[in-house]
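Structural characterization, general
Read off the chains here:
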Amino acid sequence: MVPPDASQALVKTIADNFIAERNSTEVIAVGMNSIREICARCPFAMTSDLIQDLAQYRKYRNKNVMSAAKSLVQLYRHIDPNMLRRRDRGRPAVGAEDLKLAEFGEVRAANYIEGAEVLPSDEDDVEDDADGWESASNASDDSGDGEWVDVPKSDDEAEGTTGYINPEVEALSPEAKKEKAAAVSSARFFSQKEFDIIRKKKIADIMGTNKGSKRSAVEAGLDKEPGQFVSLSDIERLSKRPKETRADKIAGSRVAREDRGAFGKPKPKMNPHASTTNKQKARGKNFMMIRQKVRGKQKRSFRDKQISFRNALVKQLKSK
């Protein structure tokens with residue numbers, strides 16, 4: 001574990017060099033995502049003053065920077081909400097009142113696994129849910145022809161994380177939940193499937209507190225635990241497509257012209273020996289030869305129309 005003094009200096013350097021108004025929006029978004037990935041693995045790297053300053057980028061004019069700032073605020077809502085301003089903490093999640101970040105080097109020993117109260121007391125109940133997966137895997141092994149086997153999705157996968165909310169468990173008091181979790185944890189060893197159920201139940205508790213249309217767990221970055229290595233796509237995550245440069249526009253226009261016919265060329269004459277029209281001949285004439293004709297086609301003023309109309313009437317009277 002990295003000491004807070006070293007990690008805080010690193011995060012402060014990234015914030016000073018990347019997250020600044022003089023930099024482009026892509027640079028600010030990369031710096032914000034880098035700080036988020038560092039803080040997800042080392043929460044002590046962030047200070048209260050710095051997280052409150054970075055939280056103000058939630059209303060930035062660029063969508064990439066705004067999404068990166070929201071993801072950083074969302075991270076500390078579930079790590080240590082007390083570091084944020086009160087308006088940035090959001091609605092309290094399940095068990096948020098007991099949430100407190102452990103001090104550096106502090107050891108918290110628990111006699112149960114948090115969230116184990118959602119599991120049944122009997123291990124056979126969990127194994128029954130996995131029978132469909134085992135039968136599908138056996139069928140794929142027996143086929144041996146290298147073709148894909150369609151496995152139907154369960155209702156829990158179709159509904160998302162809402163299928164892991166048990167009304168009977170939700171009705172229990174916090175003390176009863178801890179007692180049940182301790183009883184289930186001490187009864188047997190948990191399988192990987194049971195750990196997945198506990199993790200999805202925690203995600204359902206976090207996302208269930210937000211009313212209305214909100215981001216999914218995948219979009220909020222809560223669907224997976226931070227690993228040892230950071231993916232480049234997590235740092236260069238862009239919510240909005242970047243603006244195309246002039247070179248990109250020229251390359252795109254050239255690709256679009258490949259399947260298109262010749263543009264701007266005159267249509268060939270049906271008879272190559274036929275003469276040209278007067279319109280085509282006028283294009284090659286000198287302007288001084290056709291200026292009277294061009295001037296006559298221009299829009300005349302009301303005064304010119306009056307003079308021409310008077311002259312026409314005078315001429316008509318003289319002819320009588």
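As a starting point, this report considers the structure included with it. Once a new chain begins, its residue numbering starts again from 1 and follows that chain's sequence as written. In keeping with the predicted nature of the model, local features appear solely for residues at pLDDT of at least 70, side-chain atom pairs appear and are counted solely at 80 or more, and the whole-chain, interface and lining totals rest on all residues. Hydrogens are left out, water is left out, and the side-chain values use all remaining heavy atoms of the structure.

Notes on the overall build of the protein chain
- Only runs of H or I of at least four residues qualify as helices and only runs of E of at least two qualify as strands under DSSP, and these elements are numbered from the N terminus. When helices and strands are tallied, the protein chain shows 16 helices and zero strands.
- Put simply, the protein chain has 320 residues, and 25% of those count as buried.
- The contact definition used throughout considers only heavy atoms, calling two residues in contact when any of these lie within 4.5 Å. For the protein chain, long-range pairs separated by at least 24 residues make up 68% of all intrachain contacts whose partners lie at least 6 apart in sequence.
- Only the protein chains shown count as cover for residues, and all accessible areas are computed by the Shrake-Rupley method using a 1.4 Å probe. Per element, the accessible surface of the protein chain, about 23,900 Å² overall, is 52% carbon and sulfur. Summary of the burial criterion: residues with accessible area below 20% of their type's maximum are buried, those above 50% are exposed, and those between are partly exposed, where the area comes from a 1.4 Å probe applied to protein chains only.

Looking at the nonpolar core
- As used here, the term nonpolar core means buried Ala, Val, Leu, Ile, Met, Phe, Trp, Tyr and Cys residues forming a set that is joined through side-chain atoms within 4.5 Å. Core analysis: the biggest nonpolar cluster contains 28 residues, and Met32, Ile35, Met46 and Tyr76 have the highest contact counts within it.
- Those elements giving two or more residues to this core turn out to be helix H1 (4–18), helix H2 (25–41), helix H3 (48–54) and helix H4 (63–77).
- Considering each element in turn, this core owes the most residues, seven residues, to H4.
- Among the nonpolar cores identified, the runner-up in size contains nine residues, and Val118, Ala181, Val184 and Ile197 belong to it.

Structural notes on the packing of H1 against H2
- Lines are fitted to the C-alpha atoms to define the axes, a helix being fitted only along its stretch in contact, and any angle between axes, read from their N-to-C directions, falls within 0 to 180 degrees. Contact geometry of H1 with H2 gives a least axis separation of 9 Å together with a crossing angle of 170°. Compared by their axis directions, H1 and H2 come out roughly antiparallel. Packed against H1, whose contacting residues are Leu10, Val11, Ile14, Ala15 and Phe18, the element H2 presents Val27, Ile28, Gly31, Ile35 and Ile38 at the interface.
- Broken down by class, the residue content of the contact of H1 with H2 amounts to nine nonpolar, one polar and no charged. Any angle that is under 35 degrees is reported as roughly parallel, and any over 145 degrees as roughly antiparallel; angles of 65 to 115 degrees are reported as roughly perpendicular and all others as oblique. As a working rule, the residues Ala, Val, Leu, Ile, Met, Phe, Trp, Tyr, Cys and Pro are called nonpolar, Asp, Glu, Lys and Arg charged, and the rest polar, with Gly in that last group.

A closer look at the pattern of salt bridges
- By definition here, a salt bridge exists when the distance from a side-chain nitrogen of Lys or Arg to a carboxyl oxygen of Asp or Glu is within 4 Å. In the structure shown here, the tally under the stated rule is four salt bridges.
- A salt bridge links Lys12 to Asp16, with the shortest nitrogen-to-oxygen separation between them at 3.1 Å. On the criterion of helical spacing, the pair formed by Lys12 and Asp16 is a turn pair, its members being four residues apart in helix H1.
- Measuring nitrogen to oxygen at the nearest pair gives 2.8 Å for the salt bridge that ties Glu37 to Arg36. The pair Glu37 / Arg36 is uniform in exposure class, with both members buried.
- Connected through salt bridges with shared partners, the residues Arg36, Glu37 and Arg41 form a single ionic network.

Some details on a nonpolar patch on the surface
- Judged by side-chain polarity, Phe287, Met288 and Val294 come together as a nonpolar surface patch covering roughly 290 Å² of accessible area.
- By the element assignment, Phe287 lies in helix H15 (residues 287–297). Surface patches are drawn from residues lacking salt bridges whose relative accessible area is over 30%; two like charges belong together within 9 Å, two nonpolar side chains (Val, Leu, Ile, Met, Phe, Trp, Tyr) within 5 Å.

Some points on H1
- Here the expected span of a helix is defined as 1.5 Å times the quantity of residues minus one. Over its 15 residues, H1 extends 21 Å from the first C-alpha to the last, a length consistent with the 21 Å expected when each residue adds 1.5 Å.
- Regarding H1, the residues found buried are Pro4, Ser7, Val11, Ile14 and Ala15. For H1, the buried positions fall inside an angular range of 100° around the axis, keeping them on one side.
- Buried residues along H1 sit against H2 and H3. Here the arc refers to the directions that run from the helix axis out to each C-beta atom.

Considering the packing of aromatic side chains
- Any Phe, Tyr or Trp ring, taking Trp's six-membered ring, that has another such ring centre within 6.5 Å forms a pair; planes under 30 degrees apart are called stacked, those over 60 apart edge-to-face, and the others tilted. Under the defined criterion, the tally for this structure stands at one aromatic pair.
- With 5.6 Å between their ring centres and 40° between their planes, Tyr57 and Tyr60 make a pair best called tilted. Tyr60 carries the same exposure label as Tyr57, and that label is buried.

Some remarks on the environment of Lys63
- Along the chain, Lys63 turns up in helix H4.
- Sequence separation between Lys63 and Leu238 is 175 residues, and the spatial gap between their C-alpha atoms is 8.5 Å.
- For Lys63, the residues in contact, after removing those within four places along its chain, are Ser239 and Lys240.

Regarding the packing of H2 against H4
- Look at H2 against H4: their axes get within 8 Å of each other, and the N-to-C directions meet at 15°. As the angle between them shows, H2 and H4 are arranged roughly parallel. The hand of the H2/H4 crossing is left-handed. Contacts between H2 and H4 pair Thr25, Ile28, Ala29, Met32, Asn33, Ile35, Arg36, Cys39 and Ala40 from the former with Asn64, Val65, Ala68, Ala69, Ser71, Leu72, Leu75 and Tyr76 from the latter.
- For the contact of H2 with H4, the residue count by class is 12 nonpolar, four polar and one charged. A crossing counts as left-handed when the near helix is turned anticlockwise from the far one by less than a right angle, and as right-handed when that turn is clockwise.

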